[in-house]
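Topology and contacts: notes
Chain by chain, the residues run as shown.
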Amino acid sequence: MALEKTLVLLKPCTVQRGLIGEIISIFEKKGLRIAGLKMMQLTDEILSEHYSHLSEKPFFQRVKDAMMVCPVVAIALEGVDAINVVRTLAGPTNGRAAAPGTIRGSYSMSFQENIVHASDGPETAKAELARFFKPEEILEYRLSTFGNIYANDEYL
């Protein structure tokens, strides 16, 4: 299988609660490789594009406002089936409904203030990575531990 890249945003609620390192460590302990990492202040413009699928919803502005409270941490993660792995680790969107042990199940009580945003598919991941990272900000390198994370025929 080829390695896959995906985007995770650590939301302002995560930054405000001092959970950045704890959440990143969950992805690292799972075996995902950090290909890009940066803190950034989101603007109304980038959020209008990112959440365009919600533009007709009554909570659209509330979501954008919440994402501009303070900086977010954008992370490009890589691994075999990384999109599904990240979404499984994150758990369902509503933190109250998320299983204990998932990120949202362990750290969230909210539908909106739910710790992370995670890309939901390959096309979305590609678009979102391009939205939040310049090409030169996503780095290519092999973790020396890949041989301990995957069987030698599981990744290219």
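Before reading on, note that the structure itself is shown above.
Conventions and cut-offs
- Residues numbered from 1 in each chain as written.
- Predicted model: local features only at pLDDT ≥ 70, side-chain atom pairs only at ≥ 80, totals over all residues.
- Heavy atoms only, no water.
- Helix = DSSP H or I, 4+ residues; strand = E, 2+ residues; numbered from the N terminus.
- Buried < 20%, exposed > 50% of the residue type's maximum accessible area, 1.4 Å probe, protein only.
- Contact = heavy atoms within 4.5 Å.
- Core = buried A, V, L, I, M, F, W, Y, C linked by side-chain atoms within 4.5 Å.
- Arc of directions from axis to C-beta.
- Pairing = 2+ DSSP bridges.
- Axes fitted to C-alpha atoms, helices over the stretch in contact; angles between N-to-C directions.

What follows concerns the environment of Arg96. Residue placement: Arg96 occurs in the loop between helix 5 (82–90) and helix 6 (103–107). Residue Arg96 is classed as exposed on the basis of its relative accessible area, which comes to 53%. Excluding anything up to four places from it in sequence, Arg96 contacts Ser108, Met109, Ser110 and Phe111.

Core analysis: the biggest nonpolar cluster contains 23 residues, and Ile23 and Phe27 have the highest contact counts within it. Looking at this core, the elements with two or more residues in it are strand 1 (3–10), helix 1 (12–16), helix 2 (20–30), strand 3 (72–80), helix 5, helix 6 and strand 4 (116–118). The element best represented in this core is helix 5, accounting for four residues. Among all residues touching Ile23, those that are not within four sequence positions of it are Leu10, Thr14, Ile103, Tyr107, Ile115 and Val116. With 19 residues, the next largest nonpolar core counts Leu42, Ile46, Leu54 and Met67 among its residues.

Let us now look at helix 7 (residues 122–132). Within the sequence span of helix 7, burial applies to Ala125, Glu128, Leu129 and Phe132. Projected down its long axis, helix 7 carries its buried residues within an arc of 105°, all on one side. Facing away from the buried surface of helix 7 by more than 90 degrees, the exposed residues are Glu123, Lys126 and Ala130. Tucked into the core, helix 7 has its buried residues touching strand 1, strand 2 (33–40), helix 3 (44–50), strand 3, helix 5 and strand 4.

Moving on, we get to the sheet that holds strand 4. The strand order across the open sheet built from four strands is 2-3-1-4, with neighbouring strands paired in antiparallel fashion. Each edge of the open sheet is held by one strand with a lone partner, namely strand 2 and strand 4. Taking the axes of each pair of neighbouring strands and ignoring which way they run, one obtains an average angle of 20° across the sheet. Lying over the sheet, helix 5 contacts strand 1, strand 3 and strand 4, oriented at roughly 35° with respect to strand 1.

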